[in-house]
Amino acid sequence: MLKFIKRVSKKTGQVPGTVVHVGEKRAEQVTVNVIDYDTSHVEEKQVQVLEDCFSFKDTSTVTWININGLHETDTIEKIGRHFDLHPLVMEDIVTTGQRPKMEDFDNYIFIVLKMLYFSERSQEIKAEQICFILTKNVVLSFQEEEGDAFDQVRERIRKAKGRIRRKGTDYLCYALIDAIVDSYFVVLEKIGEKIEALEEQLLSNPTPDTLQALHGLRSEMIFLRKSISPLREVVGDLERGEPELITEEVRIFFRDIYDHTIQVIETVETCRDLIAGMMDMYLSSMSNKMNEVMKVLTIIATIFIPLTFIAGIYGMNFKYMPELEWKWSYPLIWCLFIIAGGAMVVYFKKKKWL
Amino acid sequence: MLKFIKRVSKKTGQVPGTVVHVGEKRAEQVTVNVIDYDTSHVEEKQVQVLEDCFSFKDTSTVTWININGLHETDTIEKIGRHFDLHPLVMEDIVTTGQRPKMEDFDNYIFIVLKMLYFSERSQEIKAEQICFILTKNVVLSFQEEEGDAFDQVRERIRKAKGRIRRKGTDYLCYALIDAIVDSYFVVLEKIGEKIEALEEQLLSNPTPDTLQALHGLRSEMIFLRKSISPLREVVGDLERGEPELITEEVRIFFRDIYDHTIQVIETVETCRDLIAGMMDMYLSSMSNKMNEVMKVLTIIATIFIPLTFIAGIYGMNFKYMPELEWKWSYPLIWCLFIIAGGAMVVYFKKKKWL
Amino acid sequence: MLKFIKRVSKKTGQVPGTVVHVGEKRAEQVTVNVIDYDTSHVEEKQVQVLEDCFSFKDTSTVTWININGLHETDTIEKIGRHFDLHPLVMEDIVTTGQRPKMEDFDNYIFIVLKMLYFSERSQEIKAEQICFILTKNVVLSFQEEEGDAFDQVRERIRKAKGRIRRKGTDYLCYALIDAIVDSYFVVLEKIGEKIEALEEQLLSNPTPDTLQALHGLRSEMIFLRKSISPLREVVGDLERGEPELITEEVRIFFRDIYDHTIQVIETVETCRDLIAGMMDMYLSSMSNKMNEVMKVLTIIATIFIPLTFIAGIYGMNFKYMPELEWKWSYPLIWCLFIIAGGAMVVYFKKKKWL
Amino acid sequence: MLKFIKRVSKKTGQVPGTVVHVGEKRAEQVTVNVIDYDTSHVEEKQVQVLEDCFSFKDTSTVTWININGLHETDTIEKIGRHFDLHPLVMEDIVTTGQRPKMEDFDNYIFIVLKMLYFSERSQEIKAEQICFILTKNVVLSFQEEEGDAFDQVRERIRKAKGRIRRKGTDYLCYALIDAIVDSYFVVLEKIGEKIEALEEQLLSNPTPDTLQALHGLRSEMIFLRKSISPLREVVGDLERGEPELITEEVRIFFRDIYDHTIQVIETVETCRDLIAGMMDMYLSSMSNKMNEVMKVLTIIATIFIPLTFIAGIYGMNFKYMPELEWKWSYPLIWCLFIIAGGAMVVYFKKKKWL
Amino acid sequence: MLKFIKRVSKKTGQVPGTVVHVGEKRAEQVTVNVIDYDTSHVEEKQVQVLEDCFSFKDTSTVTWININGLHETDTIEKIGRHFDLHPLVMEDIVTTGQRPKMEDFDNYIFIVLKMLYFSERSQEIKAEQICFILTKNVVLSFQEEEGDAFDQVRERIRKAKGRIRRKGTDYLCYALIDAIVDSYFVVLEKIGEKIEALEEQLLSNPTPDTLQALHGLRSEMIFLRKSISPLREVVGDLERGEPELITEEVRIFFRDIYDHTIQVIETVETCRDLIAGMMDMYLSSMSNKMNEVMKVLTIIATIFIPLTFIAGIYGMNFKYMPELEWKWSYPLIWCLFIIAGGAMVVYFKKKKWL
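Residues numbered from 1 in each chain as written. Chains lettered and ligands numbered in written order. Predicted model: local features only at pLDDT ≥ 70, side-chain atom pairs only at ≥ 80, totals over all residues. Heavy atoms only, no water.

A. A look at the relation of the copies chain B and chain A. Of the transformation placing chain B onto chain A, the axial shift is 0.0 Å and the rotation is 72°, giving an RMSD of 0.1 Å. Taken together, the rotation and translation describe the operation of a five-fold axis. For chain B, the minimum C-alpha distance to the rotation axis belongs to Gly315 of chain B and amounts to 4.5 Å. When the interface residues of chain B are mapped onto chain A, a mere 16% of them are again interface residues, pointing to distinct binding faces. (Least-squares fit on C-alpha atoms with pLDDT ≥ 70 in both. Contact = heavy atoms within 4.5 Å.)

Quick look at the structure:
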């Protein structure tokens, strides 16, 4: 539940713009990595003293400053002040549980996204909040914990693969968002596998656990949709190129992300439809079973209850029951049993119950 | 029910603009608090004679006049006349059960909102109507009863925390609306807790009461959605900064509230989805139980009814029943009982009913 | 059914603009009332000769001509010709079952609305069509029968209450529409009461009649929505003040009606949601009862069928049944009965069926 | 099914604009009727040689050329060439199963509509495609078969009823479309009658056939909605008067059709809602019956199974059963039977099962 | 499942614009066909050396280059470089599982579509991705495998049927897309046949397999909708003629495709509605059967259980049971059996269970 409704009481009633960390403390220590590059050089370092990274603000090279861990609000505030961020932006950065959004300030763009991954341990989709600040020369990224989907971007910068070293911060920002959207496909594949497994289970041997699992999956899809669907608007705004910081040339790349986003959202919807269909199928297979159980009961009861009655008649102790004395009564009564029982069976065959 | 459809017959057919209180009389006495401040001073007082607060209308300082209690319509009318409010505005202020809305008059903005809180006593969400009049120098707030979410705003004014003392009435208005929207999160948390509790109950031991509680929660969500969803438009209008009284600088803060509003509305929708899912789960768990009950009945009946029939046969009193005389009949019939019963059990095992 | 699909065959295939009354003939005789007023005088009369009211067309005072009864098409046609109405407008006036709409002709506005009231006799919502023609000096209103929600407007004109005497035809038109929208709240209250009564019934003792009543109520809501929802557009158009005949000053009053209209529509939607929820609750309470019935059957059958079988065994007449001869057989078999029965009860307790 | 998905394989892969008839051949022979009129004269004839009607193209009178039967594609092509129609238009005319649409070419408007009628024989709604070509002086109408809703329009032209003789082709076109939309009301009335009949059946004696009929009706509504709903856009486009061929004066008449169209569409939606409601009612009445059946079974079984067990006890043949010897055993056991049975009945009364 | 969620992990994290084939390798070898034509000549050849087709780029004739097979990414890259395609376009071409889309670059248009066909072997709808590049003189088409719906287009070019030889690349592109949309109708017909067959099965003898088939069909419809619905936007964009490469004259043809697309989408929706209706019908027919089963059980049990009890009474071995000695007891008890049984039957007749 906490996944859906973040506790905010810690926050309620504070001065707007107060930088108070809301969320789990995930990282042990806040670490800051800097990659600075242009066409001809790359420099990469882990910053010990925060102020070391401030000098990159005004260089002409592209600098990517990645902050892992949000709980040391001092650090965040220092960075915020140095890069002239609006207090509300700083508040948003440390308040996890934000809705994905894009805000265009005059000299920087603020982007909030969700990084999704499938936790093998808890068999659940986990979300981590990632914020980007895109300025003319610097991209700041804020993550809740270390370890991310950005390793391949780093590799591409280091080895000058593709066009990333020849382009500006907008392309870097694109590359990072692209990596995040790509990670959604990985999550969707996981979901797809789960749906497939459940579908098989549904066809072979549906149990109440299958339904439970389907319900769980449905909740996951609600969570997924809530995390992903605002992205459409965010990337759409970036693609339409209203912010000046996104150059014409890079916009076409954002259009590509936009297409992927639509595809992700549509797939989530498709999965929801499929899960709903599987639930219906489970319920109708249950009711089929019930039908079968009822038929067995009815057949047995309908055949034997009347016969038992007949046997009961001749179990009565009346003095004057002429049949009891007859020699052929007993064989005759057996014939009656067999004929009556057989007639019932024929009747059920005709009704297609057998 | 009265929560959804306010009685209006008292009102129907009156001259439009008549100031007649519609709603419960919640406060004992109407009280008026005034806080007047600028960067350098704060003055706070409880007004005894209403006219005392009128002088603040034209001062250059920011004044917040808070009126608790709406049933003394004289007071409201006097204030309305002094601040030149449109008769329909005055009517709306005293008519609780209004839909949240924002109306931009030339020299003031009229805002109607709902304050929501969770009543621990009745275990229900309660709504109180709050109206704001925002003029250049004064913010008027009208509440149904004393005691509100604004204490922290007052504290910030008194202690000059944050930027509130350096800004105008538009920022004050923002701070008050922000406090209200924050209170929605508190209510949502309560709902979240309830959903969690019910989910647990659903997994461990669902009873008809669980369903009853889910139904109750669903009605609460309908009520919540009705109270909150118009807010999107209200805050959206304020954020787009069409009213001149909202300065450029403060608009960005309204954008923050707008984000929160969207988040609240989305969470309400998510809760609705979750509750609907839980209801489905309850029903399918009920039908599972039913299935189990039917199976037990069928197994017992199917095993024992035929056996009882066989016992019935040898309870018949026919004179000529050769089996009765045989020495091994009785042990043989026991064998038959055991074999027939065992065959049934095997059959049920095969059918996976056992 | 006729409430939803008006018979129109009488009409089909006629020359467009033919004034043929479609609908029940509700009033005995067509009556025409005229109220003529300005700030200083009021004149009120029931017109005997239709032409008497034509003179008001060009006076500078405000005139309200109210026509009760639509079946004397001659009268309607005469009025139409005198006030220069388009033939299609005249056709619409006498064709009840119109959808609420607003049409702006150059020198007059044509408005069609539904007056709703709750008929205590048939316990149903009834609708009456009301048309307004708003010209510069005259408001024409056409009703199906006498007796309406306008008495309080008349009273206000007579006694010069409020601002009605100081304003033009647009304000009069507003006052009339306001009276109609107010009457919707009365109907909604009635619905609210019914919902409350059914909710109580649902909790205490739901019967198939409860469901029947819920179904009836749902049909009423469909009808209500169909009658009311087009109003949003109608009043919205009037409020946006596109028609020149609505002065700036009066537009704000139409905005007030617009708010009420939204509130009415939302309440109808809320009621639909509540009714749907109650239906679900009825069904699940039914299925609960069914469950209980099944449990009782299963418990009784499961306890006694095996015991009956045991009794049946010792009712067999085999010659050689050693147990029959034993002295303690009978008490022992009672022990067996009690233990087996008790074990079953314990089993059911464990299963939480008891 | 064929009603929903027209076979098009005959068509697939042909050169676009090829005039190949797709659909049933409904008329025996293609017939062409011409009515030519202005204020002062009317001329009406059945054309033998197609070319006879070509001369009307350039006269200043209004000419209505009605073609019945679409299977002689030569005829259609000749007309098309003479009136300069786009090949795709000609293709659309002969391809029945088109979606209603309006296309504005520079010198003519092409309109596709559905004529609906209720076939008494098959108790189904049938649709016939009707196309109009509206030029400055000529209206061409293409029907699948003879016999239509246009007789009253012809009558009005012949007898100069209404304003039809004084107006141009746009008014003629309006009159024809109006006749078609009027015919929808007739179909809706039929549906209304059916719904009423089923509702009665539902209340008195619902059978599986009732449900079958409801399902059939629902399919009809799907078909109806598919045929009618595009009309909204078609008539809306004509009403907004974008095409130059529709004069200002006639536009108001199209607005009237627009209102009717909305009314038809809303009624279809209402019918769908009602049918859905009736289905729910059927299902819950079925489940009510089931409940009743189960109760009867449970009551009988619960009363008699324990009693039978008791009787079974004293049917056992143990040698030492003291009760068997007692004098009052038999009357006492009867008392037990009556008391136990009565207690059950009281229990069921308390449970409200009886 | 793989039909819905394409595996993309192979792709994730690569440099954007990398041309890596994603999807099944369907064709053995990549083949390239070229058709070059103008009004007076046609030239058709299968290209051995890829560079052979490059010369057509700048000729004034219309050239259609069709590439079958996407797995040889070298070939694709060479073509892409020669025709100056954007890297992202080249990436999209080889990544099957794209959403249909249209992108307008300055000097070419990029279109992605789905070719659908019904695989008789797997009784499933299969989708193949087709991409078009439309430049001033050349149309490039990329398919996953040989064999397509374009044969008739080729035929028309060869034989100069219709206007294709007289028009430019935009018309060729139209003809190809038209062929694809036509193929959708063929798939829909197949679906229609399946629905018809299932409907018949549903009426005659519904089995759980029927439901299974309906579920399968529903999944197909979800897949179909996902593949087709984006087409609306794609063709809509082409029709509105924003891209300069589409001439005014050809736009009208795209409008024709647009109409077909709407028709396809509406038919898919209609099918979904029908399938949903059929599922409801299946479920209610199942519950009908269940009702019937329950009734048989109840009738049998209710008739015979009480009678068995009576027989049980006189099977008791009490010493003092006066009835046992009476001469007429036995016939009387038979009368009781017959009367009691008959009364039950009458009762059931009255209840309409028989």
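B. Local environment of the environment of Met316 of chain C. Here Met316 of chain C lies in the loop between helix H7 (248-313) and helix H8 (322-325). On the accessibility criterion, Met316 of chain C (0% relative accessible area) is buried. Not counting residues within four places of it along the chain, the set of residues in contact with Met316 of chain C comprises Ala311, Tyr314, Gly315, Tyr330, Ile333 and Phe337 of chain B, Met321 and Leu324 of chain C together with Asn317 of chain D. (Helix = DSSP H or I, 4+ residues; strand = E, 2+ residues; numbered from the N terminus. Buried < 20%, exposed > 50% of the residue type's maximum accessible area, 1.4 Å probe, protein only.)

C. The arrangement of the side chain of Asn66 of chain D in detail. Residues and elements named next belong to chain D. Take Asn66: it is sitting in strand S3 (residues 62-68). Relative accessible area serves as the criterion here: at 2%, Asn66 is assigned to the buried category. Reaching out from Asn66, the side chain makes a polar contact with the side chain of Ser141 at a distance of 2.7 Å. For Asn66, the side chain forms a polar contact with the side chain of Gln143, separated by 3.0 Å. (Polar contact = N/O pair within 3.5 Å; in protein donor to acceptor, adjacent residues only side chain to side chain.)

D. Highlighting the interface of chain B and chain C. Taken residue by residue, the interface counts 63 residues in chain B and 67 residues in chain C. In this structure, Arg99 of chain B engages Glu266 of chain C in a salt bridge whose closest nitrogen and oxygen atoms are separated by 2.9 Å. Counting across the interface, chain B meets chain C through 13 residue pairs in polar contact (both at pLDDT 80 or more). Put simply, the parts of the chain that give the side of chain B that touches chain C at least two residues each are helix H2 (87-94), strand S4 (101-104), helix H5 (208-228), helix H7 (248-313), helix H8 (322-325) and helix H9 (329-350) of chain B. The dominant element in the side of chain B that touches chain C, judged by the number of residues it contributes, is H7 of chain B, at 17 residues. (Salt bridge = Lys/Arg side-chain N within 4 Å of Asp/Glu carboxyl O.)

E. Spotlight on the pattern of salt bridges. Taken as a whole and judged by the stated rule, the model has 102 salt bridges over all chains. We note a salt bridge from Glu155 of chain A to Lys159 of chain A, for which the minimum N-O separation is 2.9 Å. Here the residue Glu155 of chain A and the residue Lys159 of chain A both occupy positions in helix H3 (residues 151-159), the gap between them amounting to four residues, near one helical turn. On the basis of relative accessible area, Lys159 of chain A is assigned to the exposed category, the value being 56%. The residue Lys101 of chain C makes a salt bridge to Asp259 of chain D at a minimum N-O spacing of 2.6 Å.

F. Region of the structure containing the interface of chain B and chain A. With 67 residues of chain B at the contact, the number on the chain A side is 64 residues. For the pair chain B and chain A, the summed buried surface comes to about 5600 Å²; carbon and sulfur atoms form 65% of the total. Across the contact surface, chain B and chain A share seven salt bridges. Connecting chain B to chain A are 13 residue pairs in polar contact (both at pLDDT 80 or more). Taken together, the elements giving at least two residues each to the side of chain B that touches chain A come down to helix H3 (151-159), helix H4 (169-204), H7, H8 and H9 of chain B. When residues of the side of chain B that touches chain A are assigned to their parent elements, the largest contribution, 33 residues, is made by H7 of chain B. Here the residues of the side of chain B that touches chain A are counted per class, giving 31 nonpolar, 16 polar and 20 charged. (Buried area = accessible area lost by both parts, 1.4 Å probe. Nonpolar A, V, L, I, M, F, W, Y, C, P; charged D, E, K, R; others polar.)

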